[in-house]
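Structural overview
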Amino acid sequence: MNLKSKTKWVFVWGLLVLAISFVGVGAQAASVEVKQLENGMKIGFLPTDSNQILIKLRVGVGLMDERPVETGVAHWLEHGVFRGTPSFPTSVHFEKEISRLGIQTNASTTFERTDYFFIVPKENLKPALELFSEMIFRPLLEPGAMKAEVQAVKQELLRDLVNPSFDLYMASLALHAKTPRMAKPMIGTIKEMDEQSGKLPRNFFERWYSPSNMTMVVQGNTTELEGIVEFTHKIFEKFKKFQ
């Protein structure tokens, strides 16, 4: 599936899942205010009474979109975007800024999508959105740093390999997989990771991380933050859609 075809479902499916999944217990859900920017990115605001604001972005790409030489690269790239940006050029600088703003981060990769999360105190939402946009659209992905990051990815596989339930999971994939890629570990094999070029995350990013392939929801008590919707649109609309 190519980028153009993916954009047909990433909004309809992604936005509903984002909004429904993250309404907290006892929160008062409201209709999602949505806008599609000129670059094709779709942004929704879901007001709740929480002063901890959730920023969740879904990229319509996953393991199924990897080429044969790219096994595990979707997940590798997920790691890589946290390793530095032009404003915070090393992982140390980046993590210090995350800490300064009181942000909690997470991310996940599946066969069909990649999700990124920030949870941030309401008073720091604006700088957090600026940092989030730079992380998503301007990660450095320097090949040497990316090759070093493979070691962290490799530890995830080594941890799985000593977990008995992982054997059952892989057996289930082998039995039900619809493609050869679905029968392999999400992050590939040790041999593949050792042999892959540090340039692969950048190549994958440039193919799939177009604003038009993304849906974002900002959930929480944002109604008291004057101009926050316009501020958010302005930050993210400056990034160009891939041709």
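Above this text you will find the structure in question.
Here goes a summary of the coordinates provided.

The rules behind the values
- Residues numbered from 1 in each chain as written.
- Predicted model: local features only at pLDDT ≥ 70, side-chain atom pairs only at ≥ 80, totals over all residues.
- Heavy atoms only, no water.
- Pairing = 2+ DSSP bridges.
- Helix = DSSP H or I, 4+ residues; strand = E, 2+ residues; numbered from the N terminus.
- Axes fitted to C-alpha atoms, helices over the stretch in contact; angles between N-to-C directions.
- Contact = heavy atoms within 4.5 Å.
- Salt bridge = Lys/Arg side-chain N within 4 Å of Asp/Glu carboxyl O.
- Buried < 20%, exposed > 50% of the residue type's maximum accessible area, 1.4 Å probe, protein only.
- Core = buried A, V, L, I, M, F, W, Y, C linked by side-chain atoms within 4.5 Å.
- Phe/Tyr/Trp six-rings, centres within 6.5 Å; stacked < 30°, edge-to-face > 60°.

Strand order in the open sheet made by the 6 strands is β1-β2-β6-β3-β5-β4, with mixed pairing throughout. With partners counted over all chains shown, the strands left at the sheet margins are β1 (33-36) and β4 (104-109), one partner each. For this sheet, the mean inter-axis angle between neighbouring strands, taken without regard to orientation, is 15 degrees. As defined by bridge partners, β1 adjoins strand β2 (residues 42-47) across 4 bridges and the pair is classed as antiparallel. Residue V34 lies in a different strand from β2, and its bridge partner there is G44. Sheet contacts for helix α4 (residues 125-137): β3 (52-59), β5 (114-121) and β6 (214-220); angle to β5, the most-contacted strand, approximately 160 degrees. Strands in contact with helix α9 (residues 228-237) are β1, β2 and β6; relative to β2, the strand with the most contacts, it is inclined by about 155 degrees.

For the structure on display, the rule yields 12 salt bridges. The salt bridge partner of D115 is R58, with a shortest N-O separation of 2.7 Å. Here the residue D115 occupies a position in strand β5, and R58 occupies one in strand β3, the gap between them amounting to 57 residues. Each member of the pair, D115 together with R58, is buried.

Here is a general trend for soluble globular proteins: nonpolar side chains tend to be buried in one another's company. Among the nonpolar cores identified, the biggest contains 55 residues, and Y116, F118, F132, M216 and F236 are the most heavily contacted of them. Broken down by element, the residue count for this core peaks at 8 residues, all from α4. The residues touching F236, leaving out its near neighbours within four places in the chain, are L37, N39, M41, I43, L129, F132, S133, F137 and M216.

What follows concerns the packing of aromatic side chains. The final tally for this structure, using the stated rule, is 8 aromatic pairs. On the basis of an interplanar angle of 80 degrees and a centroid distance of 6.4 Å, the ring pair of F82 and F94 is categorised as edge-to-face. Here F82, found in the loop between α2 (73-80) and α3 (91-100), pairs with F94, found in helix α3; they are 12 residues apart in sequence, far enough to count as distant. One exposure class covers both F82 and F94, and it is buried. Summarising the aromatic geometry, the rings of F137 and F239 are spaced 4.4 Å apart at their centres and angled 20 degrees between planes, so their arrangement reads as stacked. Here F137, found in helix α4, pairs with F239, found in the segment after α9; they are 102 residues apart in sequence, far enough to count as distant. In this structure, F137 and F239 share a single accessibility class: buried.

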